[in-house]
Amino acid sequence: MKKYTKFIIAGIIAAIFIGTFIFLWAKSQPKPTEYETFTPSYMDLKKTTIVTGKIEPRNEVNVKPQISGIITELMKEAGQMVQAGEIIAKVKVIPDMGQLSSAEARVRLANVNMKQAKVDYGRQKVLFDKGLISADEFDKTHQTYKQALEEVRASEDNLEVVRDGVSKSNANTSSTLIRSTISGLILDIPVKVGNTVILSNTFNDGTTIATVANMNDLIFRGNIDETEVGKLVQGMPMKITIGALQDSKLQASLEYISPKAVESNGTNQFELKAAVKGMNGAKIRSGYSANAEIVLAEAKHVLTVPESAIEFEGNNTYVYIIKNNGKEVTYERRKVTTGLSDGLNIEIKSGLTAKEKVRGPKKVAE
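The structure displayed is predicted, hence computed values, not measured ones. Residue numbers restart at each chain and count upward from 1, following the sequence in its written direction. A pLDDT threshold of at least 70 governs which residues receive local features in this predicted model, and a stricter bar of 80 or more applies before side-chain atom pairs are shown or counted, although totals over entire chains, interfaces and linings include all residues. Water and hydrogen atoms play no part in the side-chain values, which are based on all heavy atoms of the structure.

1. Here we look at the overall build of the protein
And then number 1: Labels follow the DSSP assignment, with helices taken as runs of H or I lasting at least four residues and strands as runs of E lasting at least two, numbered in each case from the N terminus. Per the secondary structure count, the protein includes four helices and 20 strands.
And then number 2: Residues classed as buried in the protein amount to 31% of the 366 residues present.
And then number 3: Contacts in the protein between residues far apart in sequence, at least 24 positions, make up 71% of those at least 6 positions apart.
And then number 4: Every accessible area reported is derived by Shrake-Rupley at a probe size of 1.4 Å, with residue values counting cover from the shown protein chains alone. Accessible area of the protein: about 23600 Å², with a carbon and sulfur share of 52%. Three labels apply to residues, based on accessible area from a 1.4 Å probe with only protein chains included: buried if under 20% of the type maximum, exposed if over 50%, partly exposed otherwise in between. Contacts are residue-level and defined by heavy atoms, with any inter-residue pair within 4.5 Å sufficient.

This is the structure in structure tokens:
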């Protein structure tokens, strides 16, 4: 019995060894290469480019004071609409001591001259009434007196302007009242009550009281690479997608391409601007990030295959036609003429029909 048991165990071990050898041999044998199969189809192709930029108003104005002083009152807030000429803020003047001193001296001198002219006028009138001087002499004295009165009024107005920023005669056009220069939406008021502001001159830009823009006239501003700028022309349509409003698709028309490049991240970029259309009441804020899709070229109802089925060799392109004779699959290499590509599919102009099938890339085993 023990003798048969040894034979059985030896047989099992031999079977396992032979089975393992056969399995490893089968695994080591090369498997036939399998390829993807594609059937040509007719479709519309578009070659597009995406430009990243932002939405901003075409006309954005910084409202600045005409005098230096302190903000005493703010009449508007950011986000409110304002009309041209409407008051945004009030400024209290801080007079320049040199100008103030000169203005006060001018008033005193004007009063001295006026009093003397009045005395001379009174004397000449008495003589004129007695017929002792001519009318011509009297008229000259009268004119001098009126000029002296006018100089008093002018000097007093000047003193009020230097001291208070406004005079009685120009109260309606006072430079202490900061008015909007355009109608639109107030985007920002960077000052607060009590802040000191200065006027714009040759030495500084002045303090911005408010930023006002017309939000009904928006533009898209972005940069495009130099390799694609040559394909653009003014008037090309664009589709705008705003990051914060994914459901809103806006139309735009290209209206400006910069003639000069700017360097950005080591590449030359050209600025472009496009007029945004079709807002349809969408509430768009200034500075929204946006992407613009531009169609550089398109082809309607053309024969196409996936670009992965094309073999490029120099300036020539080839495909492999699948031939099935019933026993085995063979491939015929054929030269084709290609056209527009959208990055996934490519146009076949000649060398292939819609009834033929082409070989694609190798299948990747899982």
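2. What to know about the pairing of strand 3 (residues 60-63)
And then number 1: Side chains Val-61 and Val-63 of strand 3 all project onto a buried face; the interleaved residues Glu-60 and Asn-62 project onto a face where none is buried.
And then number 2: Between any two strands, at least two bridges found by DSSP are needed for them to pair. Bridge analysis of strand 3 against strand 10 (residues 210-213) gives four bridges, and the strand direction is antiparallel. In the strand pairing of strand 10, Val-63 is matched with Ala-210.

3. Let's talk about the pattern of salt bridges
And then number 1: What counts as a salt bridge is simple: a side-chain nitrogen of Lys or Arg found within 4 Å of a carboxyl oxygen of Asp or Glu. Enumeration over the complete set of coordinates arrives at 17 salt bridges.
And then number 2: Taking the shortest distance from any N to any O, the salt bridge between Glu-255 and Arg-58 comes out at 2.6 Å. Taken together, the residues span a long stretch of sequence, with Glu-255 in strand 13 (residues 245-264) and Arg-58 in the loop between strand 2 (41-57) and strand 3 at a distance of 197 residues.
And then number 3: Connected via shared salt-bridge partners are Lys-54, Glu-56, Arg-221 and Glu-271.

4. Quick notes on the pairing of strand 18 (residues 329-341)
And then number 1: Pairing of strand 17 (residues 316-324) with strand 18, which is carried by eight bridges, proceeds in the antiparallel orientation. Among the inter-strand pairings, Tyr-318 is bridged to a residue of strand 18, identified as Lys-335.
And then number 2: Both strand 18 and strand 19 (residues 345-350) contribute to a ladder of three bridges, which runs antiparallel. When the sheet's bridge partners are listed, Ser-341 is paired in strand 19 with Ile-346.

5. Remarks on the nonpolar core
And then number 1: Grouped together as the largest cluster of nonpolar side chains are 27 residues, with contacts concentrated most on Ile-55, Phe-220, Met-238 and Ile-240.
And then number 2: Elements with a minimum of two residues in this core: strand 2, strand 11 (218-225), strand 12 (237-242), strand 13, strand 14 (267-277) and strand 15 (289-306). Among the buried residues, those of types Ala, Val, Leu, Ile, Met, Phe, Trp, Tyr and Cys that are joined through side-chain atoms within 4.5 Å form a nonpolar core.

6. Points about helix 2 (residues 97-129)
And then number 1: For helix 2, which comprises 33 residues, the first-to-last C-alpha distance of 48 Å matches the rise-based estimate of 48 Å (1.5 Å per residue) to within 8%.
And then number 2: Taken together, the buried positions of helix 2 are occupied by Leu-100, Ala-103, Val-107, Ala-110, Met-114, Ala-117, Tyr-121 and Gln-124.
And then number 3: After helix 2 finishes, the residue Gly-131 shows a positive phi value of roughly 75 degrees. A helix is expected to reach a length of 1.5 Å times the quantity of its residues less one.

7. Regarding the sheet that holds strand 4 (residues 69-74)
And then number 1: Reading across the sheet, the four strands line up as 7-6-4-9 and stay open at both edges, with antiparallel pairing between neighbours. The open sheet has two edge strands, strand 7 (177-179) and strand 9 (196-197), and neither has a second partner.
And then number 2: As judged from the three bridges shared by strand 6 (residues 87-93) and strand 7, these two strands associate in the antiparallel manner. Bridging across to strand 7, Ile-87 finds its partner in Arg-179.

8. Digging into the confidence of the model for the protein
And then number 1: Per-residue pLDDT for the protein has a mean of 83; in total, 88% of the residues score no lower than 70.
And then number 2: Here pLDDT means the predictor's own confidence in every residue, given as a number from 0 to 100. Highest mean pLDDT in the protein belongs to strand 10 (93); lowest belongs to helix 1 (residues 2-28) (67).

9. Quick notes on the packing of aromatic side chains
And then number 1: Any two rings among Phe, Tyr and Trp, with Trp reduced to its six-membered ring, count as a pair given centres within 6.5 Å; such a pair is stacked if its planes are under 30 degrees apart, edge-to-face if over 60, and tilted if neither. Summed over all chains, the structure comprises three aromatic pairs.
And then number 2: Residues Tyr-121 and Tyr-145 carry aromatic rings whose centres are separated by 5.3 Å and whose planes lie at 10 degrees to one another, so their mutual orientation is stacked. Taken together, the residues Tyr-121 in helix 2 and Tyr-145 in helix 3 (residues 135-164) connect sequence positions 24 residues apart.
And then number 3: Classification of Tyr-121 as buried rests on a relative accessible area of 17%.
And then number 4: Note on Tyr-145: relative accessible area 15%, which makes it buried.
And then number 5: Seen from their ring centres, Phe-128 and Phe-138 are 4.7 Å apart, and the 10 degrees between their planes marks the pair as stacked. With Phe-128 in helix 2 and Phe-138 in helix 3, the pair connects residues that are 10 residues apart, well separated along the chain.
And then number 6: Residue classification places Phe-138 among the buried positions, given a relative accessible area of 10%.

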